[in-house]
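# Residue-level structural notes
Residues per chain are reported as follows:
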Amino acid sequence: MIRQRKQTFSRQQLEEWSLDVTEQLRQEPHFEKARTVLLYHSLPDEVVTRHLLEEVTGKNILLPRVINNEEMELRYYTDIQDLQRGAFGIMEPCGKLFHEYRQIDVAVVPGMAFDMKGHRLGRGRGYYDRFLSRVPFIYKIGLCFGFQLVEEVPTDENDIPMDKVICEKAL
């Protein structure tokens, strides 16, 4: 249902709503104080993070890179030249490998749907849930559009809830 709903909005509308979401993220206290942040490079139907990646200063920015059918690794992001098309058509970093997970203050996570309890429905491969289960100390923020916020997301023991979900105020 959410996948179909995403297709009813123009790329321009999603970009506009994304600016509201990323502005809220910038003002979120955990994000403001963070020195090291795990972000994501957005797919066309996700909250757009391109502007955030280009404009955030004073933080170590990490992006995930899929390395096999079950795992992702983290790499430093410094600028757009660090990106290349990777798994599933996602722009992935080719910068220096990062493995000091205890230094990560905040993880900003995309999702197909979220609920008010912070439960997240991903794209079904479990990359984020497997990674986040190994780093329970990281503050987790989900980003979404208003139509992706639902009453209840089905969960199981492998799903890792977000500490906070931010969505645009337009809907």
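Overview of the structure.

## Quick look at the overall build of the protein chain
- Helix and strand counts for the protein chain come out as five helices and 12 strands.
- Taking 16 Å as the expected radius of gyration for a compact globule of 171 residues, we find that the protein chain reaches 15 Å, a close match to that expectation.
- In terms of overall dimensions, the protein chain has a C-alpha envelope of 40 × 35 × 30 Å along the principal axes.
- Out of the 171 residues belonging to the protein chain, those deemed buried represent 47%.
- The contacts in the protein chain between residues at least 6 apart in sequence include a share of 66% that link residues at least 24 apart.
- When the accessible surface of the protein chain is summed, it comes to about 9,300 Å², and 46% of that surface belongs to carbon and sulfur atoms.

## Describing the pattern of salt bridges
- In this structure the tally under the stated criterion is 11 salt bridges.
- Glutamate 15 is paired through a salt bridge with arginine 50; the nearest N and O atoms lie 3.1 Å apart. With glutamate 15 in helix α2 (residues 11–27) and arginine 50 in helix α4 (residues 50–55), this residue pair connects regions lying 35 residues apart in the sequence.
- Here glutamate 73 ties to arginine 75 by a salt bridge, and the two come within 2.8 Å at their closest N and O atoms. No difference in accessibility class separates glutamate 73 from arginine 75, as the two residues are buried.
- Each member of the salt-bridge network shares a partner with another, and the members are Lys6, Asp45, Glu46 and Arg123.

## Describing the pairing of strand β10 (residues 139–144)
- Burial of β10 is extensive: six of the six residues sit out of reach of the surface.
- Of the two faces of β10, the one holding Tyr139, Ile141 and Leu143 and the one holding Lys140, Gly142 and Cys144 are both buried throughout.
- Note that strand β7 (residues 106–109) and β10 share four bridges and pair parallel. Following the sheet pairing, alanine 107 is matched in β10 by lysine 140.

## Comments concerning the environment of arginine 3
- Tracing the backbone through its elements, the reader meets arginine 3 in helix α1 (residues 2–6).
- Along the sequence, arginine 3 and aspartate 45 sit 42 residues apart, while their C-alpha atoms lie 8.6 Å from each other.

## Some details on the packing of aromatic side chains
- Applying the stated criterion across every chain yields a total of seven aromatic pairs.
- Residues phenylalanine 9 and phenylalanine 147 carry aromatic rings whose centres are separated by 4.8 Å and whose planes lie at 25° to one another, so their mutual orientation is stacked. Of this pair, phenylalanine 9 sits in the loop between α1 and α2 while phenylalanine 147 sits in the loop between β10 and β11 (149–150), placing them 138 residues apart in sequence. Like phenylalanine 147, phenylalanine 9 is buried.
- An aromatic cluster of at least three residues, connected via ring pairs, comprises Phe9, Trp17, Phe145 and Phe147.
- Here the basic side chain of lysine 59 rests over the ring of phenylalanine 31, its NZ or CZ set 5.2 Å away from the ring centre.
- It is arginine 130 that lies over the ring of tyrosine 127; its NZ or CZ is 5.5 Å from the centre.

Procedures and definitions
- Residues numbered from 1 in each chain as written.
- Predicted model: local features only at pLDDT ≥ 70, side-chain atom pairs only at ≥ 80, totals over all residues.
- Heavy atoms only, no water.
- Helix = DSSP H or I, 4+ residues; strand = E, 2+ residues; numbered from the N terminus.
- Rg over C-alpha atoms; globule rule 2.2 N^0.38 Å.
- Buried < 20%, exposed > 50% of the residue type's maximum accessible area, 1.4 Å probe, protein only.
- Contact = heavy atoms within 4.5 Å.
- Areas by Shrake-Rupley, 256 points an atom, 1.4 Å probe, with all protein chains shown as cover.
- Salt bridge = Lys/Arg side-chain N within 4 Å of Asp/Glu carboxyl O.
- Pairing = 2+ DSSP bridges.
- Phe/Tyr/Trp six-rings, centres within 6.5 Å; stacked < 30°, edge-to-face > 60°.
- Lys NZ or Arg CZ within 6 Å of the ring centre and 35° of its normal.

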